[in-house]
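Understanding the architecture of this molecule
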Amino acid sequence: MAIRVMAFIVAVHLAGAPEAMSSRRLGTFDSVAAAGEQARSCQAGSSSRLGVRSDSADAQPVRALGRRNWGWVIVDSAGLELLSGQECFRLLAKVPVGRVVYTDRALPAVQPVTFTLLEQTVIIRTSAHSRLAHAATGKVVAFEADEFKDTGVRSGWSVVAIGHAVKVTDPTELDAVKQLGLRAWTQDAEDCYLRISVEIVSGRRLPT
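Note that the structure is predicted; figures quoted are calculated from it, not measured.

**Points about the overall build of the protein chain**
Along its length, the protein chain carries 6 helices and 10 strands. Put simply, the protein chain has 208 residues, and 45% of those count as buried. Restricting to contacts in the protein chain with at least 6 residues of sequence separation, those with at least 24 account for 70%. When the accessible area of the protein chain is evaluated, it comes to approximately 11400 Å², of which 55% is carbon and sulfur surface.

**Overview of the environment of Thr116**
One can find Thr116 in strand 6 (residues 107–118). Taking the relative accessible area as the measure of exposure, Thr116 reaches 22% and is therefore partly exposed. It is 9.5 Å that separates the C-alpha atoms of Thr116 and Gly98, two residues lying 18 residues apart in sequence.

**Description of the side chain of Ser130**
Note on placement: Ser130 falls in the loop between strand 7 (121–127) and helix 5 (131–136). Here the side chain of Ser130 touches Thr126 through a polar contact of 3.1 Å, side chain to side chain. A distance of 3.1 Å separates a polar side-chain atom of Ser130 from the backbone nitrogen of Ala133.

**Let's talk about the confidence of the model for the protein chain**
On average, residues of the protein chain carry a pLDDT of 76, and 65% of them reach 70 or more. The low-confidence segment residues 44–49, where pLDDT is below 50, has 9 contacts with residues more than four positions distant or belonging to other chains. In the model, residues 57–67 has pLDDT below 50 throughout and makes 49 contacts with residues more than four positions away in sequence or in other chains.

**Things to note about unusual backbone geometry**
Despite not being glycine, Ala106 shows a phi value in the positive range, around 70°. Relative to the elements of secondary structure, Ala106 occurs in the loop between strand 5 (97–104) and strand 6. Here the phi dihedral of Glu119 falls at roughly 60°; this positive angle occurs in a residue that is not glycine. By secondary structure assignment, the location of Glu119 is in the loop between strand 6 and strand 7.

**Some points on the packing of aromatic side chains**
This model, assessed by the stated rule, comprises 1 aromatic pair. Between Phe115 and Phe143 the ring centres are 4.7 Å apart and the planes differ by 65°, which places this aromatic pair in the edge-to-face class. Here Phe115, found in strand 6, pairs with Phe143, found in strand 8 (residues 140–151); they are 28 residues apart in sequence, far enough to count as distant. In terms of burial, Phe115 and Phe143 fall into one category: buried.

**Quick look at the pairing of strand 10 (residues 191–205)**
Burial analysis of strand 10 places 11 of its 15 residues in the buried class, the great majority of the element. Bridging between strand 9 (residues 153–167) and strand 10 involves 11 bridges; their strand directions are antiparallel. Directly across from Val160, in strand 10, lies its bridge partner Ser202.

**As for the pairing of strand 6**
Consecutive side chains of a regular strand alternate in pointing toward one face of the sheet and then the other. Strand direction decides the pairing type here: strand 5 and strand 6, joined by 8 bridges, are antiparallel. The residue of strand 6 that forms the bridge with Val100 is Gln111. The hairpin formed by strand 5 and strand 6 contains 2 residues between the paired strands, and Arg105 there has a positive phi angle of roughly 55°. The loop that links strand 6 with its antiparallel partner strand 7 comprises 2 residues; one of these, Glu119, has a positive phi angle of about 60°.

**Observations concerning helix 4 (residues 85–92)**
Residues that lie three or four places apart on an α-helix share one face, since the helix turns once every 3.6 residues. In terms of burial, helix 4 is a largely internal element, 6 of the 8 residues being buried. Those residues of helix 4 that fall on the buried side of the exposure criterion are Gly85, Glu87, Cys88, Phe89, Leu91 and Leu92.

**What about the pattern of salt bridges?**
Taken as a whole, this structure holds 10 salt bridges when the rule is applied. The partner of Arg90 in a salt bridge is Glu87, with the nearest N and O atoms 2.7 Å apart. Of the two residues, Arg90 and Glu87 both sit in helix 4, 3 residues apart, roughly one turn of that helix. Owing to a relative accessible area of 43%, Arg90 belongs among the partly exposed residues under this scheme. Since its relative accessible area comes to 17%, Glu87 is described here as buried. By sharing partners, the salt bridges in this structure join Glu81, Glu87, Arg90 and Arg205 into a single network.

Calculation rules
Residues numbered from 1 in each chain as written. Predicted model: local features only at pLDDT ≥ 70, side-chain atom pairs only at ≥ 80, totals over all residues. Heavy atoms only, no water. Helix = DSSP H or I, 4+ residues; strand = E, 2+ residues; numbered from the N terminus. Buried < 20%, exposed > 50% of the residue type's maximum accessible area, 1.4 Å probe, protein only. Contact = heavy atoms within 4.5 Å. Areas by Shrake-Rupley, 256 points an atom, 1.4 Å probe, with all protein chains shown as cover. Polar contact = N/O pair within 3.5 Å; in protein donor to acceptor, adjacent residues only side chain to side chain. pLDDT = per-residue confidence, 0-100. Phe/Tyr/Trp six-rings, centres within 6.5 Å; stacked < 30°, edge-to-face > 60°. Pairing = 2+ DSSP bridges. Salt bridge = Lys/Arg side-chain N within 4 Å of Asp/Glu carboxyl O.

See the structure below:
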């Protein structure tokens, strides 16, 4: 069941079937086209400065535009707000637990992990003998984290990052990673650190 849920989340983030733009919930814009171009330019600019490809910023299918405090908001065909790369990393820094989606013996696998961010990389601490350490090292993996609340007003977001997972072995880098204070699920005398160098990031948030 967990694999089906994670597969659905990743599919939603990577999906992007073109749809026609609708004027619903646009408010009082003088020009829908101009508003859309301005919103896409704002998001694309923030993502390019990060040096990471953002599927959210590149997404063309847009159903509606609105405003969130300081700027334009772009939503997808499901009505979810598309997040810039910069916002994706900001949200990831708020939560301590995520999920790694990888391939284990030709089958999809999902592993909950504790993690932290080091610039634009995801750092995971796991056991050196775990299936994750053996199967994910040197491979392209997906990493997902989210946060949902349903206390009167529903709110939530989900971010998916894709990149290569490598084992941290360089002594200097290993010392820096250990200083982050990342705690594993259980203590292991032979624990190891995996670094996911994020190459693609996308995020969606429930409209508020």
